[in-house]
Amino acid sequence: MKKVAAWTAEDISDWLSKEGMPEYIDALHQISGPALLRLTEADFQMPPLSLVSSDGGQQLLERLETLRIETHIEAHKNGHANGHMGGLPNGISKPQRNGTLGKDFRMEMVHIPIPTKEASRSSFPAEWGKTGIAFVYAVVCFVTTTVVISVVHERVPPKEHTPPLPDKFFDLFNRIEWAFSICEINGMVLVAFWLIQWILLKHRSIIGRRFFFIVGTLYLYRCITMYITTLPVPGMHFKCSPKLLGNWEAQMRRIMKMIAGGGLSITGSHTMCGDYLYSGHTVMLTLTYLFIKEYSPKRFWWYHWLCWTLSAVGIFCILLAHDHYTVDVVVAYFITTRLFWWYHTMANQQTLKETSQNNPFSRVWWYRLFQYLEENVSGTVPRNYQLPLSWRALQWNRGVKYSRLDIQ
């Protein structure tokens, strides 16, 4: 490996990318290896470094401390550490009796500072307990949505008495029967892509609870909109399940069937009507694409375009199938994108995590839960990947271990 002292700007850029901090490349594009090692906390209080990350550069400073230690060990491994003649302290030409280097050797020992627990606290702690709470929140919202769909289904007016509302898209495009199956297949492919990507993310616990919270909140909003306004079916092709008229036992069986089938028409589990405003399929098609793009490297542009195409085609097929009004899709897209962007803007800016008169975001109803989930996350979560059971971690366990040496 090339010595840090000989690093060029290109070597520093490669190292920053490898360490998962590409946001610093532009700010450090003109410094050398020795200058990199001389960076201190004070440098991160001034532009341009102060404009890059909201954590005051703590993550990069921790990496630099490790790099300094590695450089120091490399510089001394053929000197003091191995007892070569040129590196013996105070002009000693050979080791003393019993293999010692004399009483003055302790003054020449290499001092490697070992960070305390307080200093080595991660900027991105896992906190799987919080992720579990966010998952439970999402499940509760999904189940509540299914119950509300069953309730709303009983209120949907018969299509013979209340025909579908006028829709400009329906006037321009005739219905294609198989289009909705394409939509659901695209949705399942995107969910599978996101699940695999999420498992491979290093900070999967933080990103997972963000996904669970956002998707749960979106379905909670959906419960409200479809309960307060019940729209007639979008097309005469709909075959809705018969109304149960207060038979709660039969309704519970229907709810459980829908949950078991994932709420998909392709599985035959979704035969109820009334869940139109707004579209749950649009929510999942849009949200999975947003998370896939946000937490994958920018150089994977082909992957982003593939997922965007799957999402866009899926949303278009919802309308081609005449299974949702156009307003259902537009409202779903608007609410999903805004909630995603608002949440991540707040999560990436430390000042927006503090309650104050100057922070309008602190007035939203879910702000306390947001603070609880994000309070220990400092700065933008890097797009780092690792296997759940990393071979590197197994190798590290066999490596050299350092311990603190107290000298009286």
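Please read all numbers here as calculations on a predicted model, not as lab measurements.

Student: How should I be thinking about the packing of aromatic side chains in this particular structure?
Tutor: Both the distance between ring centres and the angle between the ring planes are used here to describe each pair of aromatic rings. Applying the stated criterion to the full structure yields 27 aromatic pairs. Plain terms: the ring middles of Phe142 and Tyr219 are 4.6 Å apart, the flat faces sit at 45° to each other, and that makes the pair tilted. Of the two residues, Phe142 sits in helix α4 (residues 128-153) while Tyr219 sits in helix α7 (residues 204-228), which places them 77 residues apart along the sequence. Judged by relative accessible area, which is 32%, Phe142 ranks as partly exposed. Aromatic pair Phe300 and Trp302: ring centres 6.0 Å apart, planes at 40°, arrangement tilted. Ring pairs connect the aromatic residues Phe135, Trp194, Phe211, Phe212, Phe291, Tyr295 and Phe340, which therefore count as one cluster. Here the basic side chain of Lys130 rests over the ring of Tyr372, its NZ or CZ set 4.8 Å away from the ring centre. Lying over the aromatic face of Tyr227, Arg155 brings its terminal NZ or CZ to 4.9 Å of the ring centre.

Student: Can you help me understand the nonpolar core in this one?
Tutor: Core analysis: the biggest nonpolar cluster contains 63 residues, and Trp194, Ile207, Phe211, Ile214, Leu287, Phe291 and Tyr343 have the highest contact counts within it. Mapped by element, the contributors of at least two residues to this core are α4, α5 (168-172), α6 (179-200), α7, α9 (280-294), α10 (301-320), α11 (326-348) and α12 (367-374). Broken down by element, this core gets its largest block of residues, 9 residues, from α7. The residues contacting Phe291, other than those within four sequence positions of it, are Trp194, Gln197, Ile207, Arg210, Phe211, Ile214, Phe340 and His344. The next biggest cluster of nonpolar side chains, apart from the first, holds 17 residues, and it includes Val4, Phe44, Leu60 and Leu64.

Student: What should I look at first to understand α9 in this one?
Tutor: With 15 residues, α9 should reach 21 Å at 1.5 Å per residue; the first-to-last C-alpha distance of 21 Å fits that figure. Across the 15 residues of α9, 13 count as buried, placing the element largely inside the fold. A distance of 3.4 Å separates the backbone nitrogen of His281 from a side-chain oxygen at the start of α9, and that oxygen is part of Ser279.

Student: Help me understand the pattern of salt bridges, please; the structure alone is not making it clear to me.
Tutor: A pair can form between side chains of opposite charge whenever their charged atoms are brought close. Going through the model one piece at a time under the given rule, you end up with 8 salt bridges. With a shortest N-O distance of 3.3 Å, Glu249 and Arg253 are connected by a salt bridge. In this pair, Glu249 and Arg253 are both assigned in helix α8 (residues 248-260), 4 residues apart and thus about one turn of the helix distant. Here Arg253 falls in the exposed class, since its relative accessible area comes to 52%. Among the charged side chains, a salt-bridge network with shared partners connects Glu127, Lys130, Arg209 and Glu375.

Student: Explain the side chain of Thr146 to me, please; I cannot follow it from the model alone.
Tutor: Its location among the elements puts Thr146 in helix α4. For Thr146, a relative accessible area of 8% translates into the label buried. What Thr146 contacts, discounting residues up to four positions off in sequence, is Ile255, Met258 and Ile259.

Student: What is the right way to read the state of the cysteines from this model?
Tutor: In protein chemistry, a disulfide is the covalent bond that joins the sulfur atoms of two cysteines. Applying the stated rule across the entire model yields 1 disulfide. The disulfide partner of Cys240 is Cys273, and the gap between their sulfur atoms is 1.8 Å. A torsion of -95° about the S-S bond marks the disulfide between Cys240 and Cys273 as left-handed. Placement of the pair is Cys240 in the loop between α7 and α8 and Cys273 in the loop between α8 and α9, with a sequence separation of 33 residues. A relative accessible area of 33% means that Cys240 is categorised as partly exposed. With no disulfide of its own, Cys141 lies 7.0 Å from the sulfur of Cys223, the closest cysteine sulfur.

What counts, and at which threshold
- Residues numbered from 1 in each chain as written.
- Predicted model: local features only at pLDDT ≥ 70, side-chain atom pairs only at ≥ 80, totals over all residues.
- Heavy atoms only, no water.
- Phe/Tyr/Trp six-rings, centres within 6.5 Å; stacked < 30°, edge-to-face > 60°.
- Helix = DSSP H or I, 4+ residues; strand = E, 2+ residues; numbered from the N terminus.
- Buried < 20%, exposed > 50% of the residue type's maximum accessible area, 1.4 Å probe, protein only.
- Lys NZ or Arg CZ within 6 Å of the ring centre and 35° of its normal.
- Core = buried A, V, L, I, M, F, W, Y, C linked by side-chain atoms within 4.5 Å.
- Contact = heavy atoms within 4.5 Å.
- Expected span 1.5 Å × (residues − 1).
- Polar contact = N/O pair within 3.5 Å; in protein donor to acceptor, adjacent residues only side chain to side chain.
- Salt bridge = Lys/Arg side-chain N within 4 Å of Asp/Glu carboxyl O.
- Disulfide = S-S within 2.5 Å.

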